[in-house]
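# Per-entry structural report
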Amino acid sequence: MAINLSRNTRLWISTVDSTAAGAPAFTANNCWEIALLEGYSLSQSTSSSDVTLSEAGATPTRGSRRFNDALDPVEWSFSTYIRPTIKTAIAGVANGHFLADAIMWQALASPNAPSFGVANSAVETTNAGIKVHFKQNSAHELLKLFLYFKIDSSYYIVKFAQVNQADISIDIEDIAQVAWSGQATDLTPVTAAEFPGTGEFMPIPAQANNTYIKNKLSTMSLITNNGDADDGTVYNIPVTTASISINNNITYLTPATLSIVDKPIGSFTGNFEVTGSFDAYLRDGVAGSKALLDYYQGYALPTNSNAVSLNIGGPTAPKLVINLPNVQVNIPEISVDDVITTTVEFKATPVTADMNDGQEIDLLGVASYTEV
């Protein structure tokens, strides 16, 4: 019997359930192969109940029984490199910028099927870059995906997957990447015949060096907007680490029927949250990390407003530009080590008063490599 090795894993993401009757064929418009990094996971556990006895007497009955109540939602996670490329023809756009994991951003941001070449889509490929915004995320259920895992010689489909969270961590000694996680209703073993075949999907981009983003080149700026004398001050801060988390706070609904092992029937989005933090050396100078610390130390008002821009990869392509137009920062903290550092935690908030504009964050991926 063959042993299955994780290093032989491949993953396809599709909007098509190949096991459903009358399912459409896989094409480059509904199926994308994504290169995984080490440390992916997928599992589905069971909720159970124990029935126990407790009685008096010289010879009490002490047995117990266990019942499986329901299948929990499938838990899945994996990481991908952020790799913008230019495709000579993608989604009807000549020389459009694209991301290999664009479908994941679509499912994180919108309930709609992807239309990458259409203006103002949640994920839009253009000649200037691939844009991601969250103005369409006012929905109880976001786009459902089907994750096709080929784990060596074993085949599994994760059905009706919802993308719950994306975590971007900027380790300056590493390559830009994003950790995806979420849940689904079913984890089903299938045969190779139900998987995408050669030429039926959007392939992984070529492994060219200039498709990867180097974190150490990243730059960050913060501009205050609190209605005081400091308004418009641009704090350019060289970070040592940074992270941004985009969270849909999805929960699942599962029946509780006696004598049946129920499974999840669906999911609902919760509050949309964009949070993060960055670390920097405590550095003197005009509009540096110490100046920011001094400005907010003892800040008296319960809210503050700042515009944050993070260029992962630096000012030139390839890069990922993250804009946070309205950020509330906590009072920066001081960490004492050989070199004194400061840590700033923040939460991106809606721009408008009705808190439903989806403008907490937007992203732009810009490529320097054209796929042949």
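What comes next is a walk through the structure. (Residues numbered from 1 in each chain as written. Predicted model: local features only at pLDDT ≥ 70, side-chain atom pairs only at ≥ 80, totals over all residues. Heavy atoms only, no water.)

### With respect to the environment of Arg-10
For clarity, the threshold we go by: The way it works is that DSSP assigns letters per residue, a run of H or I at least four long becomes a helix, a run of E at least two long becomes a strand, and they are numbered from the N terminus. In this scheme, a residue with accessible area under 20% of its type's maximum is buried, one over 50% is exposed, and one in between is partly exposed, where area comes from a 1.4 Å probe on protein chains only. We call two residues in contact when some of their heavy atoms are within 4.5 Å. Here a polar contact means two N or O atoms within 3.5 Å. Within protein one must be a hydrogen donor candidate and the other an acceptor candidate, and residues neighboring in sequence count only if both atoms are side-chain atoms.
Of note, Arg-10 is situated in strand S1 (residues 9–14). Arg-10 sits in the partly exposed class, given a relative accessible area of 38%. In this structure the C-alpha to C-alpha distance between Arg-10 and Leu-36, which are 26 residues apart in sequence, comes to 7.2 Å. Discounting residues that sit within four places of it in the chain, Arg-10 has contacts with Glu-33, Tyr-148, Phe-149, Lys-150 and Phe-201. Within the structure, the side chain of Arg-10 is placed 2.8 Å from the side chain of Glu-33, a separation counted as a polar contact.

### Comments concerning unusual backbone geometry
In the segment running from Ala-317 into Pro-318, the intervening peptide bond is cis, with an omega of 0 degrees. Mapped onto the secondary structure, Pro-318 falls in the loop between strand S21 (306–312) and strand S22 (319–329). Even without being a glycine, Asn-95 presents a positive backbone phi close to 55 degrees. By the secondary structure assignment, Asn-95 is in strand S8 (residues 93–99). Backbone geometry places Ala-287, a non-glycine residue, at a positive phi of 55 degrees.

### A short note on the pairing of strand S12 (residues 154–171)
Heads up, the condition is: Here, any two strands with at least 2 DSSP bridges between them count as paired.
In terms of burial, S12 is largely enclosed, as 13 of its 18 residues are buried. As paired strands, strand S11 (residues 145–151) and S12 are joined by 6 bridges and run antiparallel to one another. Residue pairing in the sheet places Phe-149 in a bridge with Tyr-156 of S12. The hairpin turn running from S11 into S12, its antiparallel successor, is 2 residues long, and Asp-152 in that turn takes a positive phi close to 60 degrees. Sheet analysis places S12 next to strand S14 (residues 186–189), joined by 4 bridges and oriented antiparallel. In the sheet register, Ile-157 faces S14, and the bridge partner there is Thr-188. Bridge count for S12 against strand S13 (residues 177–184) is 7 bridges, and the pairing is antiparallel.

### Considerations on empty space enclosed by the protein
Under the convention used in this document: Note on definitions: the grid is 1 Å and covers protein atoms alone; a cavity is a set of points where a 1.4 Å probe fits but cannot get out; a pocket is an open set with protein on both sides within 12 Å along at least five of seven lines; lining residues have an atom within 4 Å of a point. Grid points are joined across faces, edges and corners, and a volume is the space filled by probe spheres set on the points. Each residue gets one label: Ala, Val, Leu, Ile, Met, Phe, Trp, Tyr, Cys and Pro are nonpolar, Asp, Glu, Lys and Arg are charged, and the others, such as Gly, are polar.
With the rule as written, the count across this model stands at 2 cavities of 30 Å³ or more. The computed volume of the largest cavity comes to approximately 50 Å³. Every element with two or more residues in the lining of the largest cavity is listed here: strand S17 (239–247), strand S20 (273–281) and S21. Ranked by residues supplied to the lining of the largest cavity, first place goes to S17 with 3 residues. Classifying every residue of the lining of the largest cavity by side-chain character gives 8 nonpolar, 2 polar and no charged. Roughly 40 Å³ of internal volume is contained in the second largest cavity. Forming the boundary of the second largest cavity are Trp-32, Glu-33, Lys-87, Phe-98, Ala-100, Met-202, Pro-203 and Pro-205. Tallied by class, residues from the lining of the second largest cavity come to 6 nonpolar, no polar and 2 charged.

Limitation: the analysis is restricted to geometry and does not speak to function.
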